[in-house]
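Commentary on secondary and tertiary structure
Below are the chains, spelled out letter by letter.
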Amino acid sequence: MTELPTILLIHGAFADGSSWSTVVADLQAKGYTVTAPQFPLTSLADDVARLRQALAWQGGPTVVVGHSYGGQVMTALGDDAANVVGLVYIAAFGLDEGESITGIGGDAPPTPALANIVIDEHGFGRLPQDDFVGHFAADVDPVQAKVMHATQQPVAMTVFGDVMGTPAWRSRPSWYLVATNDEAIAPDDERMFARRMGAETVEVASSHVVMVSHPDAVVDLIEAAVRATTGTLTREQAPA
């Protein structure tokens, strides 16, 4: 009998693992083993190290799902991701070699959700409440969005300037969910990421935090990845 892959969820900047709560519950109800660890957001290297640690904990074939900056983290696995059978990008950065997040925007003004990042003396940024509720999570109930704002994790702003090496999507099948009302990452940028990685793509009329406002669409895409990758790698083949 072919074993189902496990699911590993990576939160983005200005967020934590709780942003996946509904998706986790839905996947668990369907019988999946799911992990949604906390990422330090202190540097891209630290976040990739946490991802590798989480992959080692799970072992075996794993579908990795990244939201927003979480896409940068899983992309930075490069070719060294032996038990990763698929990558699912949820309104996420899918950079190519030599690119950085800040470089993608070029000279364009910042998107509405990111226009007023508050940066402290240590170089960590947070979103103000009005921008978080009104733009970042625009289609989430304001009461819930304020809770999400309160629990956001500040991010080292240096991560946005890190240059990508060989992207993991070159050697792993990919899926992409475009949030068409996204005010953090431009939807046309999301479409460009998906197109050049050859990802199976769906579009959802959603704010940036689509896993909160449209969890069913996120679960559906993850299950599409599972169906396509089941049997690609068994636990016996995975590294110890």
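I will try to describe carefully the structure that is included in this document. (Residues numbered from 1 in each chain as written. Predicted model: local features only at pLDDT ≥ 70, side-chain atom pairs only at ≥ 80, totals over all residues. Heavy atoms only, no water.)

Quick look at the overall build of the protein now. A tally of regular secondary structure across the protein gives 9 helices and 9 strands. Relative to the globule expectation of 18 Å for 240 residues, the C-alpha radius of gyration of the protein, 17 Å, shows essentially globular dimensions. Oriented by its inertia axes, the alpha-carbon framework of the protein measures out at about 50 × 35 × 30 Å. Residue burial in the protein is summarised as follows: out of 240 residues, 52% are buried. For the protein, restricting intrachain contacts to residue pairs at least 6 apart in sequence, the fraction spanning at least 24 positions comes to 73%. Taken as a whole, the protein presents about 9,900 Å² of accessible surface, with 52% of it coming from carbon and sulfur. Separation between the mean location of the 12 positive side-chain charges and that of the 29 negative ones in the protein comes to 5 Å. (Helix = DSSP H or I, 4+ residues; strand = E, 2+ residues; numbered from the N terminus. Rg over C-alpha atoms; globule rule 2.2 N^0.38 Å. Buried < 20%, exposed > 50% of the residue type's maximum accessible area, 1.4 Å probe, protein only. Contact = heavy atoms within 4.5 Å. Areas by Shrake-Rupley, 256 points an atom, 1.4 Å probe, with all protein chains shown as cover. Lys, Arg positive; Asp, Glu negative; His and termini not counted. Charge placed at Lys NZ, Arg CZ, Asp CG, Glu CD.)

Before going further, it helps to examine the packing of helix α1 (residues 21-29) against helix α9 (residues 215-229). With their axes 9 Å apart at the nearest point, α1 and α9 run at an angle of 50 degrees to one another. With respect to their mutual orientation, α1 and α9 come out oblique. The two elements α1 and α9 cross, and the hand of that crossing is right-handed. Listed contacts from α9 to Thr-22, Val-23, Asp-26 and Leu-27 of α1 are Pro-215, Asp-216, Val-218, Val-219 and Ile-222. (Axes fitted to C-alpha atoms, helices over the stretch in contact; angles between N-to-C directions. Parallel < 35°, antiparallel > 145°, perpendicular 65-115°, else oblique. Left-handed = near helix turned anticlockwise from the far one by under 90°.)

Spatially, 6 strands are ordered β2-β1-β3-β4-β8-β9 in an open sheet, and the strand pairing comes out parallel. Every interior strand has two partners, whereas the edge strands, β2 (34-35) and β9 (200-204), have only one. Here strand β3 (residues 62-67) runs beside strand β4 (residues 84-90); their pairing, made up of 6 bridges, is parallel. Within β4, the position partnered with Val-65 by the bridge is Val-88. Contacts from helix α2 (residues 44-58) reach β1 (6-10), β2, β3 and β4 within the one sheet, and its direction differs from that of β1 by about 160 degrees. (Pairing = 2+ DSSP bridges.)

On to the sheet that holds strand β7 (residues 155-156). Taken in spatial order, the 3 strands make up an open sheet running β5-β6-β7, and their pairing is antiparallel. Edge strands, defined here as strands with exactly one partner in the open sheet, are β5 (118-119) and β7. In the sheet, β5 pairs with strand β6 (residues 124-126) via 2 bridges, with the strands oriented antiparallel. Of the residues in β6, the one forming a bridge with Val-118 is Arg-126.

This brings us to the nonpolar core. Core analysis: the largest hydrophobic core is formed by 75 residues, its most contacted members being Ile-7, Leu-51 and Ile-222. Ranked by the residues each element gives to this core, the list is headed by α9, at 7 residues. If we skip the residues at most four places from it in the chain, Ile-7 touches Leu-27, Tyr-32, Thr-33, Val-34, Thr-35, Gln-58, Val-63, Val-65, Ile-222 and Val-226. (Core = buried A, V, L, I, M, F, W, Y, C linked by side-chain atoms within 4.5 Å.)

β3 sits mainly inside the fold: 6 of its 6 residues count as buried. Taking every second residue as pointing to the same face, both faces of β3 are buried, with Thr-62, Val-64 and Gly-66 on one and Val-63, Val-65 and His-67 on the other. Pairing of β1 with β3 involves 5 bridges; the strand directions are parallel. Among the inter-strand pairings, Ile-7 is bridged to a residue of β3, identified as Val-63. Once you follow β3 into helix α3 (residues 69-75) and on to β4, the crossover reads as right-handed. (Right-handed = clockwise from strand over helix to strand, strands pointing away.)

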